[in-house]
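Take a look at the letters that make up each chain.
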Amino acid sequence: MRFMMMMIPAVYQQDTPADFTPPVDAVEQMSRYNQELQQAGVLLSADGLHPPATGARVRFGGGKPTVTDGPFTESKEVIGGYWIIAARSREEAIEWASRCPAAAGDMIEVRRIFDMEDFPADVQAAAQF
Amino acid sequence: MTGDLGRTIDAIWRIESATLIAGLTRLTRDVGLAEDLAQDALLAALEQWPTAGVPRKPGAWLMTVAKRRAIDGRRRAPMLDRSHAELGRDRDVSQEEAMLAFHESLDDDLGDDVLRLLFMACHPVLAVEARAALTLRLFGHLGTADIARAFLTRESTMAQRIVRAKRTLAEARVDFAMPHGAERAERLASVLEVIYLVFNEGYSATSGDDWMRPSLCEEAMRLGRILAARAPGDPDVHALLALMELHASRAAARTDRDGNPVLLLEQDRARWDRLLIQRGLASLERALRLGGALGPYALQAGIVACHARARTAVETDWVKIVALYDALAQVMPSPVVELNRAVAVSMAFGAAEALPLVEALAEHRLLDGYHLLPSVRADLLQRVGRFDEARHEFERAASMTRNTRERGLLRRRAAECATGG
């Protein structure tokens, strides 16, 4: 089964400038962690996201969608990046997340990715395009 | 102990055990003993963590406990000598020194033990089935019962096979070191063969409802990724990973809702796994960049990649597939490759071109009883409008397959021919 580990960094919970780049030593530590995931054969994909200040939110209220530019002052929990891992259980995914060299205040949300087989037959049929 | 903690310990064990057993094998030079010591450490964790809590570095904790057991074992062994001989003071001192040296050797952590363990488990002194069983046992964390089920043997047979494999490695004094040069190439080929065997055991299974099957594919791909991360310079490693990931990308589309097989060209490509396709194509790219284009895994992955790249079945680059089969027939001559090549020729250049190729294979002894030969021939005959012969061949193919669902499909196609379709 696949899990997405979403990193919600403390630094993105504040008003991070658009040109923010993470410090070198933090990147080094994170690379070592990614290598560990890779050498264990569990890492499928990983990406980091630009600061929310450069992002936008498209909101649907029923009529025409409205667009708000970042930063998003109203919400504290903003995703900074994610990993997709192949783990054999929820506990294994949580264990891998726990080993991340994250900074104080960071948070990782662990979520299982849907497999087609997880859906009922009518939903599977509707997913064909 | 709460169920949650039990599952957490199990997860930690799955993450740590191969590294643990590998490190302990380097120390003890005995993979069976290493596995026992690692198990002892797991038992200690199950006893102590519920009250003491999970340590911050659980892997290091398990290793320390296992090493302590290893030393206790060593200490106990010389003690037995006391009954046979009078021990002088100098003997005690030298014993202490030896113990100290042993301690130091325990902390000498050079190189990649996990890779060494994988190469050891795939040593040619073992039969291929034994290599696969031992590899699954050491890296897949599958119990003996699961491994037995995967290889359709009895649990007792499989238990014996694994015990014997470990004993053989110990008796043959197989070195726990990375082989070099030609020996390394040969051993790597064996590792790849074992991984692909495990994958195929899961992938080409005829009974799709068995949960063991997909998990075998998962284990094989995980092993492939472990290898690709730890031996990144070997093109064949990336090629095999590409082949497995590209095959596995089609898993959800290979059977319909009732479990009937769906032919490649009729599969719903929206159900192909894009992440695996993307990864597989990237791995293949890496293999080619490293100069591995003509390896058998790279050629096979190249063929699967042609399908993966085609958005619809009609967009498939059959001419390229024929070229790849031409090359594959050179490096891996086999009548099955020839048969597949004939199918590709029929798609690229027409059924009439392919028929003589298939007919040339009719005499091949290795294809005796292989239902795909009449099945392919029947398909070609139908496509050139020779319906009577086609019907006969479909019937023959149906009588040869043991898979009931496939038999049903072949009978239906025979019936189509009877009505001139």
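Note that this is a predicted model, so its numbers are computed, not measured.

The rules behind these values
Residues numbered from 1 in each chain as written. Chains lettered and ligands numbered in written order. Predicted model: local features only at pLDDT ≥ 70, side-chain atom pairs only at ≥ 80, totals over all residues. Contact = placed C-beta atoms within 7 Å. Helix = DSSP H or I, 4+ residues; strand = E, 2+ residues; numbered from the N terminus. Nonpolar A, V, L, I, M, F, W, Y, C, P; charged D, E, K, R; others polar. Buried ≥ 20, exposed ≤ 12 C-beta atoms within 10 Å, placed from the backbone. Arc of directions from axis to C-beta. pLDDT = per-residue confidence, 0-100. Expected span 1.5 Å × (residues − 1). Axes fitted to C-alpha atoms, helices over the stretch in contact; angles between N-to-C directions. Parallel < 35°, antiparallel > 145°, perpendicular 65-115°, else oblique. Left-handed = near helix turned anticlockwise from the far one by under 90°. Core = buried A, V, L, I, M, F, W, Y, C linked by C-beta atoms within 7 Å.

A. Summary view of the interface of chain A and chain B. Taken together, the contact pairs 18 residues of chain A with 21 residues of chain B. Mapped onto the side of chain A that touches chain B, the elements with two or more residues apiece are α2 (24-39), β2 (43-48), β5 (81-86) and α3 (90-98) of chain A. In terms of residues, the side of chain A that touches chain B owes the most to one element, α3(A), which gives three residues. Its residues assigned to classes, the side of chain A that touches chain B comprises eight nonpolar, six polar and four charged.

B. Summary view of helix α16 (residues 351-361) of chain B. All names here are of chain B. The set of residues buried in α16 consists of A351, A354, L355 and V358. Along the axis of α16, the buried residues cluster in a sector spanning 115 degrees; they form a single face. For α16, the exposed residues set more than 90 degrees away from the buried face come down to A352, P356 and A360. Where the residues of α16 are buried, they touch α15 (335-349) and α17 (372-383).

C. The environment of R225(B), seen in detail. Mapped onto the secondary structure, R225(B) falls in helix α10 (residues 212-230). When the C-alpha atoms of R225(B) and G59(B) are compared, they prove to be 21 Å apart, with 166 residues separating the residues in sequence.

D. Fine view of the confidence of the model for chain B. All names here are of chain B. For chain B, per-residue confidence averages 87 on the pLDDT scale, and residues scoring 70 or more make up 88% of the total. This model gives residues 78-93 a pLDDT under 50, and the stretch forms three contacts once residues within four places in sequence are excluded. Quick note on the complex model: pTM equals 0.88, ipTM equals 0.90.

E. Fine view of helix α6 (residues 128-139) of chain B. All names here are of chain B. Here α6 is 12 residues long and its end C-alpha atoms lie 16 Å apart, about the 16 Å a rise of 1.5 Å per residue gives. Most of α6 is tucked away, with 10 of its 12 residues classed as buried. Three or more residues of α6 are buried, namely A130, R131, A132, A133, L134, T135, L136, R137, L138 and F139.

F. Molecular detail of the packing of α3(A) against helix α1 (residues 3-28) of chain B. Contact pair α3(A) / α1(B): the axes reach a minimum separation of 8 Å and the direction vectors enclose 70 degrees. In terms of their interaxial angle, α3(A) and α1(B) are classed as roughly perpendicular. The way α3(A) lies across α1(B) gives a crossing that is right-handed. In this structure, α3(A) uses E91(A), E92(A) and E95(A) to contact α1(B), whose residues at the interface are R7(B), T8(B), D10(B), A11(B), I12(B), R14(B) and I15(B).

G. Looking closely at the nonpolar core. Membership of the largest hydrophobic core comes to 126 residues, with the highest contact counts inside it found for I85(A), A66(B), I195(B), L240(B) and A301(B). Ranked by the residues each element gives to this core, the list is headed by α1(B), at 11 residues. Contacts of I195(B), omitting those with residues within four sequence positions, involve A220(B), L223(B), G224(B) and L240(B).

H. Highlighting the packing of helix α11 (residues 235-248) of chain B against helix α12 (residues 274-289) of chain B. All names here are of chain B. Interhelical geometry of α11 versus α12 gives an angle of 160 degrees and a closest axis separation of 8 Å. Accordingly, the angle class assigned to the pair α11 and α12 is roughly antiparallel. The chirality of how α11 crosses α12 is left-handed. Between α11 and α12, the contacting residues are P235, H238, A239, L241, A242, E245, L246 and A248 on the first element and L276, I277, R279, G280, S283, L284, R286 and A287 on the second. For the contact of α11 with α12, the per-class residue count stands at 10 nonpolar, three polar and three charged.

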